[in-house]
Amino acid sequence: MGKTIAEKILSNHSGKDAKAGDIVIANLDYMMGQDGTSGVAIDSFNNMGAKKVIDPSKISIVIDHSSPSPNIGVSTIHKKIRAFVNQTGINLYDIGCGVCHQLLPEQGHVVPGDLVIGADSHTCTYGAINVFSTGIGSTDLAAAWISGKLWFKVPETLKLIYKNKLQKGVFSKDLILYTIGQLGAGGATYLALEIEGKEIDDMSIDARMTISNMAIECGAKAGLMKADKKTLDWVSKHAKRKANPIEADKDAIYKEIKEFDLAMIEPQIAKPHTVDNVVPISEVAGTPIQMGLIGTCTNGRLEDLRIAANILKGKKVHKDCRLIVAPSSKTIFLEAIKEGIIETFINANVAVVTPGCGPCVGTHNGVPADGENVISTANRNFKGRMGNPSAFIYLGSPATVAASVLEGKIADPRKYL
Amino acid sequence: MKLKGKALKFEKMNDDINTDYIISGRYKFKIQDPYELAKHVMEDLEPDFYKRVNKGDFIVAGENFGCGSSREQAPMSIKYAGISCVIAKSFARIFYRNCFNLGLPAIEVDTDQFENGDEVEVDLDNGVIVRTGRDLSQHKIKIPPLPKTMQTLLSDGGLVEHFKKHGGFKL
C-alpha cells in the first residue's frame, strides 16, 4: 500500500514501516529555537539534568522575535541564550541576522527529505522545499537537544490541488489566505498538507514558502510540497548536504482531497481578529489604514520586497499612514540594497528596520496605537498580536500592503501592476 | 488522579481560543517567572480572569482550543494560575502536546452542555467526568482513553520528570 510524503519521511527517520495513526520515535535532522521559546527550553534542559547536547551541528538558536532587545526582561533572556550557546557549542544567529524560518533554508541547514522541528509554530515553512518540518514547544525542544529524537503521531494527509492560474496581481499570499478562509482555523488540525498544482509549479521558492508558512493557521502539522527541479536548484545553491527528495506514492491514501479553482480569486484580506476571517479585497477596500508592515517569515523575502518597491517607486507613503519594512535576513537586506529597493523604500518615507520579526509579535519595532488599523504581510492578526489589544490587524500580500499605504486605505494592488 | 473544581467558560468566545489570548506576546517575551506570567492569563479575552480562578478549577472551551503560536508559556500560565485540567471539544496539536509535557491534563469531550460555574469532578483513572448542573442534576461523561504516550507523560508528571526518571524517551 502506498505512502504519503509524511508517512515516508517519518518511516525513514524511525526505521519503522509507519502509517498514519502510528506513534514513532524519530531521529531529527535539525532542531531550532528562537528567542521567545529558547529561554524556557534552556530551563527545561537544566531541570532535566543535562549538561551536553547530542550534536551541536544540528542545532541553532535565532534571536529574531525581539531583536535587538526592547527592554531589560528580554535582554536577560538573550543573555541566558548567549551563555547557553557558549556552553554547548550550538549555532547562534544573533541580532541583525534575520528571521529563523528564512535563515534555516537560506543557510543550508535543511534539505528535501529532512525531518526538522522548531520551537516556533511557523516551522512548517520548509515544507515548501519538501522538508517534514513542524512546530513544537520549548520542553520538547530540550528533549530533542538531549536525545536527538522526538516522538510523533504520524498524521493523515489532506491533499490540496489548485486548478487553473492566479490572475495578475493575485499572489501566493492571496492563495493561502483564501485556502485558510475555506478550511477554517481548525480545518486541518493534526493533518499534514500536500500542496500541488500548475500554479504552485510555476511559483518561485519564495512564493511557495509563503504558502507552507501558513499551514499552521488551519491547524496543519506540516505544509508539504514535492521537490521539483526548481527546488533542487535552489537547495544546491544554499546547502552542502545532499537532498533526499520524497514524493508520495501514486496509491497513497489521503484523508481527503480538496480542489480549489484559482481563476476567479481576487486579492484576499484576513480581517480582524482571526486568520480565517478572509474576504475578497473588494469587501474591505476603502478601510482607512494608519500603519503597514511588509516583512516576517511569511513575506519578507526578496521577491516580496521587489513587488512592494515596484509599486512604491517614485511615490510616497500617504501622509496619514506609515510603513515599516523588515527584510527577513541580512542576505536579503544586502541584495535589496544592491537592487536599489531599499533606496526606493527610504525615498518613499518607509521605515526600514533590522532583519527580524519586527512588530509582528508585539514586542517592539512598531506597536500600533488604540483604534489604529494595520495592514500587514504577517501570518497572524489575533487581538493584541502586535502589542495593542485595541488595534485592528488586516492581513494581505506585499502588493496589497504597498498599494494600501500609498492610498492610506485598503486598496486593490492590481491597478498598480 | 481525581480533580475537583468549577467549570470556567468564556462569555466572549468558545471556539478557536488562540495562545495569544491565553498569554499575550507583550508579557510572554519578557517575563520568566511562571507565577508572574499566570497573573496575565487570558487577559485579552477576559481582563482579571486570573482573579476568577480557585485552585483546582477547569477551563472549559469549544473547538480548537490553544490554536496559533507554539508558546509553552500558554499552558504554563494556565497551570500556574491554578487550573488543574483543560476540557475542550478539540485541541490544537502543539498546545495539546505542550499540556502533557507540563503534566497538565487536556481532555477532549463535547462541552456544549457545560455552563460557567458548574461543579466538575474529573476521574482520570476511571475515565469519567461528573458535571453537576445549576439545577443540581448530575451528568456523567465518558472520557475517551488517552493515547499511551500522553498517559505516561501525565503519570510521570510531565516531560522534564520523565527525562529525569529515564534519561530519555521511554514512551
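Structure first, text after, so check above.
Anyway, here's the lowdown on the structure attached to this text. (Residues numbered from 1 in each chain as written. Chains lettered and ligands numbered in written order. Predicted model: local features only at pLDDT ≥ 70, side-chain atom pairs only at ≥ 80, totals over all residues. Heavy atoms only, no water.)

1. Remarks on the side chain of Asp412 of chain A
All names here are of chain A.
- With respect to the helices and strands, Asp412 occurs in the segment after α14 (398-407).
- For Asp412, the side chain forms a polar contact with the side chain of Arg414, separated by 2.8 Å.
- Excluding anything up to four places from it in sequence, Asp412 contacts Pro267, Ile281 and Ala403. (Helix = DSSP H or I, 4+ residues; strand = E, 2+ residues; numbered from the N terminus. Polar contact = N/O pair within 3.5 Å; in protein donor to acceptor, adjacent residues only side chain to side chain. Contact = heavy atoms within 4.5 Å.)

2. Some points on the interface of chain B and chain A
- With 37 residues of chain B at the interface, the matching set in chain A holds 53 residues.
- Between chain B and chain A, roughly 3700 Å² of surface is buried when both sides are summed, and carbon and sulfur atoms account for 59% of that area.
- Note that Arg97 of chain B and Asp140 of chain A form a salt bridge whose closest N and O atoms lie 2.6 Å from each other.
- The tally of links between chain B and chain A comes to 13 residue pairs in polar contact (both at pLDDT 80 or more).
- Every element with two or more residues in the side of chain B that touches chain A is listed here: α1 (19-22), α2 (25-28), α5 (73-80), α6 (93-101), α7 (148-156) and α8 (159-166) of chain B.
- With 6 residues, the single largest contributor to the side of chain B that touches chain A is α6 of chain B.
- Classifying every residue of the side of chain B that touches chain A gives 14 nonpolar, 12 polar and 11 charged. (Buried area = accessible area lost by both parts, 1.4 Å probe. Salt bridge = Lys/Arg side-chain N within 4 Å of Asp/Glu carboxyl O. Nonpolar A, V, L, I, M, F, W, Y, C, P; charged D, E, K, R; others polar.)

3. Some details on the pairing of strand β1 (residues 2-8) of chain B
Residues and elements named next belong to chain B.
- In the sheet, β1 pairs with strand β5 (residues 119-123) via 5 bridges, with the strands oriented antiparallel. When the bridges of β5 are listed, Gly5 appears paired with Val120.
- Note: β1 against strand β2 (residues 58-61), 2 bridges, orientation parallel. Bridge pairing links Leu8 to Ile59 in β2. (Pairing = 2+ DSSP bridges.)

Remember, this is a structural readout, not a statement about activity or role.
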